[in-house]
Structures are given as C-alpha cells and as structure tokens.
Amino acid sequence: MDQFNYSPEGVLHCEDININSLVEKVGTPLYVYSANSFRDHYKRFKEAFAAIDPLICFSIKTCNNIHLIQELVELGSGIDTVSGGEIFLARQANTPADKIVYAGIGKTDEEIAYALDEGIGVFNIESEEEFENISRIAAQKKKRIKAALRVTPDVIDARTHDKTKTGNRGSKFGVDIERAKAFFNTYGKDEYVDLCGVHIHIGSPIYTPKPYELAIRKITSLIDYLTDQGHDMKIIDIGGGYSADYSLGMSPKWEEFAEVIVPLLKPYYDKGMQVIMEPGRTISANSGVLLTEVNYVKKGGDKQFAVVNTGMHHLLRPAMYEAEHFMWPGNVEKKHLISERIIDKEEATKGLEKYDVVGPICESSDYLAKGRNLPQLKRGDLLCIFTAGAYGMVMSSQYNAMPRPAEVMIDGEEIFLIRERESYQDLLTGLEKRKID
Ligand SMILES: *Cc1c(COP(=O)(O)O)cnc(C)c1O
C-alpha cells in the first residue's frame, strides 16, 4: 500500500502528515515522498522473489534524490545506473560499489574509467565496440571486471508505449539475440573483461508476467548453449519494467510476476548463478506525489481549464508519453471522498466537472490531464498528482526560467526537506563569464 490517504474529514495525508500543514511550511509545487512506501515496496518486492535471492538493483534514473536512495541502500538494495553521474549519486548514497550495475549505450571513456576506479559490480555491455573500449581501458588500469551482454529478446507488451519499448529487435539498446553467440565466441575469453552474464531490460511499464516469461525462456536457452560451449556463466540480469499503478495507486502484485519468473530462474540460481533485477518505477512511482495549486480556472472553446503552478517542466510524462496520472484535490467534501480512487462509477462522478489541467509553460503540450472529471476547482485549491515518484523530478527542467520544486520526505510524523526549492539565483548557476585561453 502506498501512504497517501484521505482522513475521514477529507484532508489528504502522507503518512501522519496533513498536507495542508505541509504546504503551509514548504509551499507548492512540491514533490512529496513517503519513506515507508519506499521501504515497504522494496521489502515486499524482495520477499516475492526470495526463492532466487536476487540482487535487487533499484533503477536510480526513476528517482535520484540521495536521501531516498539511502533508505533503500540501508535495506540492502543495490543500484542500477546508466551514467557516470548516477554512479556518483549511488556512491553518495553509500551504495557498496559491488552492488552497482551499469548499463547505457553511450558510455564515454571518462565514465568507464570512473566506473572502473569505483570498482562497480557489473558492466552491462551494449555493443561490440563498447566491449572493446571497456577492455582497452580496463587493460590500461590493469583491472579485471565482470560484464553481462545486453541482448534484445524481441518480446513486447502491447500496452507499453512506443517511446518506452527497449527490448525489441531494432531497438538502439543491446545486441540482437542472434548475435550473442558470436559475441561470446569473440569476446568470451578476454583478459580484463570477464563476460559472464546476460542482461535484458524489455521495456516499461510491463503489466503482465508474459513478456518476462518469453524473454527469460530465450535467454536461458542462450545461457544453456553458452554453458555447453564452455563459457562460465555467472550472472542473469532480467532488468526492470514492472508496472506501477497510475490510476488506483495500489502497488502491483509482485507475487504474480514472481509466480512466473521464479520457476524459470530457479534452476540457474541452484547452479550458482546470481540473479539480478532492476526494478525502478514499481518501487518509486507510487511512493511519491506532486502537489500543486490551482492558479486560475478559465474557459476556452467549450473546455474548462484549471491552470496550475506545475506542468511539463516538473512532470514531463503526460507531454512525453501521453501518460495519465490520477489526480484529486488535497481537500475534498465528504461526497467526493475516495478510498480506492475508483471514480469512473456513475455514482462517484456525480457532481464532478470536466477539466483540462494545464501548466504555465508556453507550449500547447504542457498539460497534466485532459478532459478529467474532478470536483469543482477554484483558485487556491490544492491538487495532488499521484504516482509521481518515478520519472518525475528527475526529468524536471528550468524551461521558461521556472525554478524547480522542492522535495520532502515524510517518515511517520517527521518531515524532511531533502531538496531545497530553487530560487531565481539558481537560474544563474554556472553563468560566470570567463575567457578561455
Ligand atoms: C530504466 C531502466 C530500468 C528501470 O525501468 P522501470 O520501468 O522503471 O522499472 C531498469 N534497467 C534499465 C537498464 C533501465 O534502463
């Protein structure tokens, strides 16, 4: 369960904190995270897959505030990274280096050198040329490292948005699975890079276990083949993608994924291979919300707009992926009190009005919801955008010279400011003019 619930009086709470008193202290727009949701999701995810004791590497690209990351690291989580900057943040959050995995198709020499110096656990390799480059840099540093080959198993979930498919043939990620055998034959005996695993990340969000089943069958048969060829296979990394709930706010039933995935991997775990999983949004999405305030309500054509003080510059997902986020006022009358966010029932939609919820940015694509049924809104009302803990703040920008929002972490009765609200001064960061000789 996530920890964003309404009191019987109709006031939204995050854990024990009343959202009105929070906003009084910190203002809006505001990202609010529940520490207990983060921890609970991690623990329950781990528990569901306990039979194969996976190294769970939380995908830091979904949410990279080091104070939140630290909560997971303290529970034993590793971190999945896709850049040198993410490795840096993971280390700042005290992640043991050997629990860091590093994917990404564009690893630069500097990033590779940094990852080698830090001594990270596994490089997930995305091309022949990248392998040779990593091997060359590792040789210079006389470091021996572990690597897994990222392959595209070519399975897709029909409900996954085109912009977030990553494991199909012809995607820019990894190498086609048919090329994997040749890859291992060419590079499987490298002196510095111990190519000993297979990695997949098939896309996101994935709503059913089926695509995992298909993908895992493909890579386990590849692993069987490679083992027969004399390769010592040690790592099987099945990536992330497990769904989050953008409407009801209930965390997915990880047991349903585990029921399918565990039996497929158990024989490999029993043979001593390490299973790695890279969940991102499934842990972070429902652990955070974005609180905003209605600035204006206006009409345009036959539409009604609620103009709020956040938008695509703080939460890009609607503009970028046509993503739908459930949203509801911070304070509601009793008749609009919701328990499970089921509002499409006729009874529940009585007395609601239709709004396009839009931001202040000068782009038509700057919207958060279109034609959404909501209780009547007026200037000054708080509106909560749910399931914003993943791919939210990390994608924020200062477009239109709007400072970024603050972030707070709620832990029971305690409120922690974990990122300062930006000010106009922050718009000048790095702007000192100096002559380059
Ligand atoms: C983005 C990403 C993930 C996490 O994806 P989610 O859908 O958030 O779980 C995991 N692994 C890799 C390599 C990624 O790029």
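Small disclaimer: the values here were computed from a predicted structure and weren't measured.

Caption draft 1: Structural detail: the overall build of the protein chain. Broken down by element type, the protein chain carries 12 helices and 21 strands. The C-alpha atoms of the protein chain give 23 Å as radius of gyration, which agrees with the globular expectation for 437 residues (22 Å, within 12%). Its C-alpha atoms put the protein chain at 70 × 60 × 45 Å along the principal axes. Taking as baseline every contact in the protein chain between residues at least 6 positions apart, the subset at least 24 positions apart corresponds to 71%. Working note: accessible area of the protein chain is about 19,200 Å², and carbon and sulfur atoms make up 48% of it. Across the protein chain, the centroid of the 52 positively charged side chains sits 2 Å from that of the 65 negatively charged ones.

Caption draft 2: Geometry of the pattern of salt bridges. Using the criterion set out here, one finds 21 salt bridges in the structure. In this structure, Glu128 and Arg179 form a salt bridge, with 3.0 Å as the shortest nitrogen-oxygen distance. Taken as a pair, Glu128 in helix α6 (residues 128-141) and Arg179 in the loop between β10 (175-176) and α7 (180-187) lie far apart in primary sequence, 51 residues in all. Take Glu128: its relative accessible area is 25%, and that puts it in the partly exposed class. Given the relative accessible area of 38%, Arg179 is considered partly exposed. Between Arg144 and Asp194 there is a salt bridge; the shortest N-O distance is 3.9 Å. Taken together, the positions of Arg144 in the loop between α6 and β9 (145-152) and Asp194 in strand β11 (residues 193-199) put the pair 50 residues apart, joining distant regions of the chain. For Asp194, a relative accessible area of 13% translates into the label buried.

Caption draft 3: Structural detail: a negative patch on the surface. On the surface, a cluster of negative charge is contributed by Glu47, Glu255, Glu256 and Glu259. Element by element, the count of residues in the negative patch is highest for helix α9 (residues 254-270), at 3 residues. Of note, Glu256 is situated in helix α9. By relative accessible area, Glu256 is classed as partly exposed at 45%.

Caption draft 4: Representation of the sheet that holds strand β2 (residues 12-14). The antiparallel open sheet is built from 3 strands, whose spatial order is β1-β2-β3. Single-partner strands in this sheet number two, and they are β1 (4-6) and β3 (17-18).

Caption draft 5: Structural view of the pairing of strand β15 (residues 303-308). The buried fraction of β15 is high, at 5 of 6 residues. Across 6 bridges, strand β14 (residues 288-300) lies against β15 in antiparallel orientation. The partner of Lys298 across the bridge, within β15, is Phe305. Here β14 hands over to β15 after 2 residues, with Gly301 in that stretch at a positive phi of 60 degrees. Summarising the sheet, β15 and strand β17 (residues 353-358) pair through 3 bridges and their orientation is parallel. Residue Val307 lies in a different strand from β17, and its bridge partner there is Val358.

Caption draft 6: Molecular detail of helix α4 (residues 84-92). Inspection of α4 places Gly84, Glu86, Ile87 and Ala90 among the buried residues, and these make up the whole buried set. In an axial view of α4, the angular spread of the buried residues amounts to 160 degrees, which keeps them on one side of the axis. Immediately downstream of α4, the backbone of Asn94 shows phi near 70 degrees, a positive value.

Caption draft 7: Representation of helix α5 (residues 109-118) in the model. Burial in α5 covers these residues: Glu111, Ile112, Ala113, Ala115 and Leu116. Positive backbone phi, at 80 degrees, marks Gly119, one or two positions downstream of α5.

Caption draft 8: Main features of the environment of Ser247. As for its position among the elements, Ser247 is in the loop between β12 (235-237) and α9. The class for Ser247 is partly exposed, based on a relative accessible area of 41%. Put simply, Ser247 and Met327 are 80 residues apart on the chain and 8.7 Å apart in space, counted from C-alpha to C-alpha.

Caption draft 9: Region of interest: the pairing of β9. The element β9 is largely enclosed, with a buried count of 7 among its 8 residues. Taken together, strand β8 (residues 122-125), α6 and β9 constitute a β-α-β crossover, and its handedness is right-handed. Strand direction decides the pairing type here: β9 and β10, joined by 2 bridges, are parallel. What sits directly across from Thr152, in β10, is Asp176.

Caption draft 10: The arrangement of the domain arrangement of the protein chain in detail. Looking at the protein chain, the domain boundaries give domain 1 (4-33 + 285-428) and domain 2 (64-279). Each of domain 1 and domain 2 was reduced to a C-alpha centroid, and the two centroids are 34 Å apart. The interface is formed by 20 residues belonging to domain 1 together with 17 residues belonging to domain 2. Between domain 1 and domain 2, a total of about 1,600 Å² is buried, with carbon and sulfur atoms accounting for 55% of that surface. Looking at the side of domain 1 facing domain 2, the largest losses of area belong to Asn286, Tyr321 and Ile418, adding up to 28% of the total buried there. In this structure, the connection of domain 1 to domain 2 is made through 0 salt bridges. Linking domain 1 with domain 2 are 5 residue pairs in polar contact (both at pLDDT 80 or more).

How each quantity is defined
- Residues numbered from 1 in each chain as written.
- Predicted model: local features only at pLDDT ≥ 70, side-chain atom pairs only at ≥ 80, totals over all residues.
- Heavy atoms only, no water.
- Helix = DSSP H or I, 4+ residues; strand = E, 2+ residues; numbered from the N terminus.
- Rg over C-alpha atoms; globule rule 2.2 N^0.38 Å.
- Contact = heavy atoms within 4.5 Å.
- Areas by Shrake-Rupley, 256 points an atom, 1.4 Å probe, with all protein chains shown as cover.
- Lys, Arg positive; Asp, Glu negative; His and termini not counted.
- Charge placed at Lys NZ, Arg CZ, Asp CG, Glu CD.
- Salt bridge = Lys/Arg side-chain N within 4 Å of Asp/Glu carboxyl O.
- Buried < 20%, exposed > 50% of the residue type's maximum accessible area, 1.4 Å probe, protein only.
- Patch = residues over 30% accessible without salt bridge, like charges linked within 9 Å, V, L, I, M, F, W, Y side chains within 5 Å.
- Pairing = 2+ DSSP bridges.
- Arc of directions from axis to C-beta.
- Right-handed = clockwise from strand over helix to strand, strands pointing away.
- Domains from an automatic or database assignment.
- Buried area = accessible area lost by both parts, 1.4 Å probe.
- Polar contact = N/O pair within 3.5 Å; in protein donor to acceptor, adjacent residues only side chain to side chain.

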